[in-house]
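Secondary and tertiary structure notes
Spelled out from the first residue to the last, the chains are:
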Amino acid sequence: MKGSRRESRPAGRAFVPLLLPVLVLLVWQVIVSLGVYPEFIIPSPAAVLAKFVDVLRDGRLLANTWVTLSQTLAGLIIGVALSVLLGYAIAKNRLLDDLFSPLIIALQSTPVVAYAPLLVIWFGSGPTSKVVTSALIVFFPMLMNTVVGLRSVPKSLRDLMLSLRATPWQMFIHLEVPAALPVLLGGLKVSATLAVIGSVVGEFVSARAGLGWLINDARYNYDTPLVLVAVLMLAVIARVLYAAVGLVERRMLAWRR
Amino acid sequence: MTSVSLAAQQLTITYTLPGGRSLPALGPITFAIPAGQFVCLVGPSGCGKSTLVRVLAGLQPPTGGAALVADQTVTEPPPEVGVMFQDANLMPWRTVEDNIALPLELAGVSREERRYAVHALLPKLGLADFAHAYPGDLSGGMAQRVALGRVLVQRPGALLLDEPFGALDALTREQIGLDLLEFWRQEQQTILMVTHDIHEAVLLSDRILVMSRRPGRLAADVAVTLDRPRAIADTYHETFGQIAASVRDAIERA
Ligand SMILES: Nc1ncnc2c1ncn2[C@@H]1O[C@H](COP(=O)(O)OP(=O)(O)OP(=O)(O)O)[C@@H](O)[C@H]1O
Ligand SMILES: [Mg+2]
């Protein structure tokens, strides 16, 4: 809360966060120049850049980015919506808690990569299986956060609301939602990056489009620059989604600063 | 709202502890507080004072007997009653203004009317400059003033205050106590205030109820015969000392 606000950087040091990326680029270029590895294992930064321009021009980059991004967003929205609904029910109802807990704990600890092939068998190699994979990978952490968030609502504030004769709906909208919001948004931030992973895992198993498919395809053709371009694009997607949630967080949780 | 009476009739509370053992926490206790009276409730720690407040506030049902507000048996939180606890219990995501306005908002009062009511109250609470501050930026005393504002804005017929100033330093609590007296002088709500501070009880109230050790019963009922309006100077008065001594006596014998 207080004090957690990040101090702004002194003016002269704005370049500090850039140091490491520049260093990485330099080391990369040096390794390539020394010619220790063949081009198809470690291509030069220039080759990657050229490839980037290439696939940007012929439309493959944006088309595949859009496929992965749309699957990710659909999975994220569906996964979050379902987990928040079920989480609310579980937090409110002991019976549902006892009913669902064992299953949830079992499923939660199974790696997605392990059951992703099943999802492709069941939902086909089109976008649906990727959306389902994304939704599932988001579902469990978000469910936990919802339950924890709602259970963390202080009893004293519940009593206050009761003494003010609040209706169940008022209790929800004026107390439970705002009280659980920090935990929920924290979960959403993690979920945003997880959803990208879900899509890509699905695409790795079987797909006809998407950045994950592009990576696989490029790998078969020893087109390592294209692999790198696609990986960087995925990093950009994840980072943008994360930042978007961060923005929402800063706006909605202004009171914490 | 016109002030309302408070009463307990053969009221008992027994808690069931995990393991099934039962713990008599309160009573049987019987008392009646006429509308408009300012009563303080004192007693040893754990004797059931908070429990009594919660029952009168309709937050938990009695095990036996009845709590009455305006001569009606309490079965749910009565609309005439405002409750305030030891912790300010503010919503950290609401500004001072919105925290105070909460009861009105829940009651469906329009935004303009809420603003009007809150801004009439803020200067009297010494919070005029803090309408848009968040609770995280307030001192303990200011937070407690916000909580007081939140309970006063409903213009309740009776106030139930459970150690409302218990967490504050002596000077702050004396001042905020006198401010409460000023509000009470204007509105004449019935007040039942739990406190550990005999000095505070004598300074503020018309009457002091002393409870015995758990399960708390009525051990003494002391009238505070000091004139109104009260001021700090009254605390040096001979009668003040005598009343305080008799209350202390009653607590020790309880
Ligand atoms: N929910 C509960 N379940 C079980 N026992 C409880 C519960 N609430 C209170 N008690 C017990 O009931 C007794 C009375 O508690 P209460 O909080 O009313 O006392 P109090 O007079 O307000 O004490 P204090 O002066 O310390 O605030 C205590 O022994 C307490 O441990
Ligand atoms: Mg208490």
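One can find the structure itself at the top, above this paragraph.
Described in the following lines is the structure provided in the data block.

Calculation notes
Residues numbered from 1 in each chain as written. Chains lettered and ligands numbered in written order. Predicted model: local features only at pLDDT ≥ 70, side-chain atom pairs only at ≥ 80, totals over all residues. Heavy atoms only, no water. Helix = DSSP H or I, 4+ residues; strand = E, 2+ residues; numbered from the N terminus. Rg over C-alpha atoms; globule rule 2.2 N^0.38 Å. Buried < 20%, exposed > 50% of the residue type's maximum accessible area, 1.4 Å probe, protein only. Near = heavy atom within 4 Å. Polar contact = N/O pair within 3.5 Å; in protein donor to acceptor, adjacent residues only side chain to side chain. Areas by Shrake-Rupley, 256 points an atom, 1.4 Å probe, with all protein chains shown as cover. Phe/Tyr/Trp six-rings, centres within 6.5 Å; stacked < 30°, edge-to-face > 60°. Contact = heavy atoms within 4.5 Å. Buried area = accessible area lost by both parts, 1.4 Å probe. Salt bridge = Lys/Arg side-chain N within 4 Å of Asp/Glu carboxyl O. Pairing = 2+ DSSP bridges. Axes fitted to C-alpha atoms, helices over the stretch in contact; angles between N-to-C directions. Parallel < 35°, antiparallel > 145°, perpendicular 65-115°, else oblique. Nonpolar A, V, L, I, M, F, W, Y, C, P; charged D, E, K, R; others polar. 1 Å grid on protein atoms, 1.4 Å probe; cavity = no way out; pocket = protein on both sides within 12 Å on 5 of 7 lines; lining within 4 Å. Points joined across faces, edges and corners; volume = space filled by probe spheres on them.

1. Looking at the overall build of chain B
- Helix and strand counts for chain B stand at 7 helices and 10 strands.
- Taking 18 Å as the expected radius of gyration for a compact globule of 254 residues, we find that chain B reaches 18 Å, a close match to that expectation.
- Projected onto its principal axes, the C-alpha positions of chain B cover 50 × 50 × 35 Å.
- Within chain B, the fraction of its 254 residues that count as buried is 56%.

2. Comments concerning unusual backbone geometry
- Omega for the peptide link from B:Arg214 to B:Pro215 comes to -5°, which places this bond in the cis form.
- The topology assignment puts B:Pro215 in the loop between strand E9 (207-211) and strand E10 (218-223).
- In this structure, B:Pro229 follows B:Arg228 across a cis peptide bond, with omega equal to -10°.
- Inspection of the secondary structure puts B:Pro229 in the loop between E10 and helix H7 (238-253).
- A positive phi angle, near 50°, is found at A:Tyr222, a position not held by glycine.
- Locating A:Tyr222 in the fold gives a position in the loop between helix H9 (211-220) and helix H10 (224-252).

3. Quick notes on the site of ligand 1
All names here are of chain B.
- Around ligand 1, the structure places 14 residues, and the nearest of them are Ser45, Gly46, Lys49, Ser50 and Thr51.
- Threonine 51 is positioned such that a nitrogen or oxygen atom in its side chain is 2.5 Å from an oxygen atom of ligand 1.
- One nitrogen or oxygen atom from the side chain of histidine 196 is found 3.1 Å from an oxygen atom belonging to ligand 1.
- Protein chains bury 63% of the 630 Å² of accessible surface belonging to ligand 1 in isolation.

4. Topic: the packing of aromatic side chains
All names here are of chain A.
- The final tally for this structure, using the stated rule, is 5 aromatic pairs over all chains.
- When the ring of tyrosine 88 is compared with that of phenylalanine 172, the centres are 5.0 Å apart and the planes differ by 80°; the resulting orientation is edge-to-face. Remark: phenylalanine 172 occurs in helix H8 (residues 168-205) and tyrosine 88 occurs in helix H3 (residues 60-92); sequence separation between them is 84 residues.
- Residue classification places phenylalanine 172 among the partly exposed positions, given a relative accessible area of 23%.
- Pairing tryptophan 169 with phenylalanine 172 gives two aromatic rings, centres 5.7 Å apart and planes at 40°, and the pair type is tilted.

5. Examining the interface of chain A and chain B
- With 18 residues of chain A at the contact, the number on the chain B side is 22 residues.
- For the pair chain A and chain B, the summed buried area comes to about 1900 Å², and 63% of that belongs to carbon and sulfur atoms.
- Looking at the side of chain A facing chain B, the largest losses of area belong to A:Leu164, A:Arg165 and A:Trp255, adding up to 32% of the total buried there.
- At the boundary of chain A with chain B, the tally comes to 2 salt bridges.
- Here A:Arg165 and B:Glu76 are joined by a salt bridge, their closest N and O atoms 3.7 Å apart.
- Our count for the contact surface shared by chain A and chain B stands at 5 residue pairs in polar contact (both at pLDDT 80 or more).
- Contributions of two or more residues to the side of chain A that touches chain B are made by helix H7 (155-163) and H8 of chain A.
- At 8 residues, the largest contribution of residues to the side of chain A that touches chain B is made by H7(A).

6. Considering the environment of A:Ala91
Residue and element names in this part refer to chain A.
- Examined against the element boundaries, alanine 91 turns out to sit in helix H3.
- Its relative accessible area of 22% is what places alanine 91 among the partly exposed residues.
- Residues alanine 91 and serine 129 lie 38 residues apart in sequence; the distance between their C-alpha atoms is 29 Å.
- Contact partners of alanine 91, with chain neighbours within four places excluded, come to Val147, Leu150 and Arg151.

7. Brief notes about the pattern of salt bridges
Residue and element names in this part refer to chain A.
- If you walk through the whole model with that rule in mind, you get 19 salt bridges over all chains.
- For glutamate 249, the salt bridge is made with lysine 189, and the minimal N-O distance between the two is 2.7 Å. Taken together, the positions of glutamate 249 in helix H10 and lysine 189 in helix H8 put the pair 60 residues apart, joining distant regions of the chain. For the pair shown, glutamate 249 and lysine 189 are each scored as buried.

8. Looking at the pairing of E9(B)
Residue and element names in this part refer to chain B.
- Extensive coverage of E9 is indicated by the burial of 5 of its 5 residues.
- Where strand E3 (residues 38-42) lies against E9, 4 bridges are found, and the strand directions are parallel. Bridge pairing in E9 links valine 39 to arginine 207.
- Looking at chain direction, E9 and E10 are connected through 5 bridges and run antiparallel.

9. Points about the packing of helix H2 (residues 45-57) of chain A against H10(A)
Residue and element names in this part refer to chain A.
- Across the interface, H2 lies against H10 with an axial gap of 9 Å and an inter-helix angle of 75°. In this view, H2 runs roughly perpendicular relative to H10, as classed from their interaxial angle. Counted together, Ala47, Val48, Lys51, Phe52 and Val55 of H2 and Pro225, Leu226, Leu228 and Val229 of H10 form the full contact between these two elements.
- Residue classes in the contact of H2 with H10 are distributed as 8 nonpolar, no polar and 1 charged.

10. Some details on the sheet that holds strand E5 (residues 72-73) of chain B
Residues and elements named next belong to chain B.
- Reading across from one edge, E2-E1-E4-E5 is the order of the 4 strands in this open sheet, with antiparallel pairing throughout. What marks the edges here is a single partner per strand, and that holds for strand E2 (22-33) and E5.
- Pairing geometry for strand E1 (residues 6-16) and strand E4 (residues 64-69), over 5 bridges, is antiparallel. Across the sheet, the residue bridging to alanine 7 is leucine 68, located in E4.
- Contacts from helix H1 (residues 49-56) reach E1, E2 and E4 within the one sheet, and its direction differs from that of E1 by about 115°.

11. Looking at the layout of surface pockets
- In this structure, the largest pocket encloses a volume near 320 Å³.
- As for the largest pocket, its lining consists of 16 residues, of which B:Ala117, B:Leu121, B:Leu152, B:Val153 and B:Arg155 are closest to the centre.
- Of all elements in the fold, only helix H3 (111-121) and helix H5 (170-187) of chain B reach the threshold of two or more residues within the lining of the largest pocket.
- Broken down by element, the lining of the largest pocket gets its largest block of residues, 5 residues, from H3(B).
- Taken together, the residues of the lining of the largest pocket break down into 10 nonpolar, 2 polar and 4 charged.
- Its volume calculated, the second largest pocket comes out at about 260 Å³.
- Taken together, 15 residues form the lining of the second largest pocket, with A:Val84, A:Met142, A:Val177, A:Leu181 and A:Leu184 sitting closest to its centre.
- Among the secondary structure elements, those contributing two or more residues to the lining of the second largest pocket are H3, helix H6 (127-151) and H8 of chain A.
- If one sorts the elements of the lining of the second largest pocket by residue count, H8(A) sits on top with 8 residues.
- The residue makeup of the lining of the second largest pocket, split by class, is 13 nonpolar, 1 polar and 1 charged.

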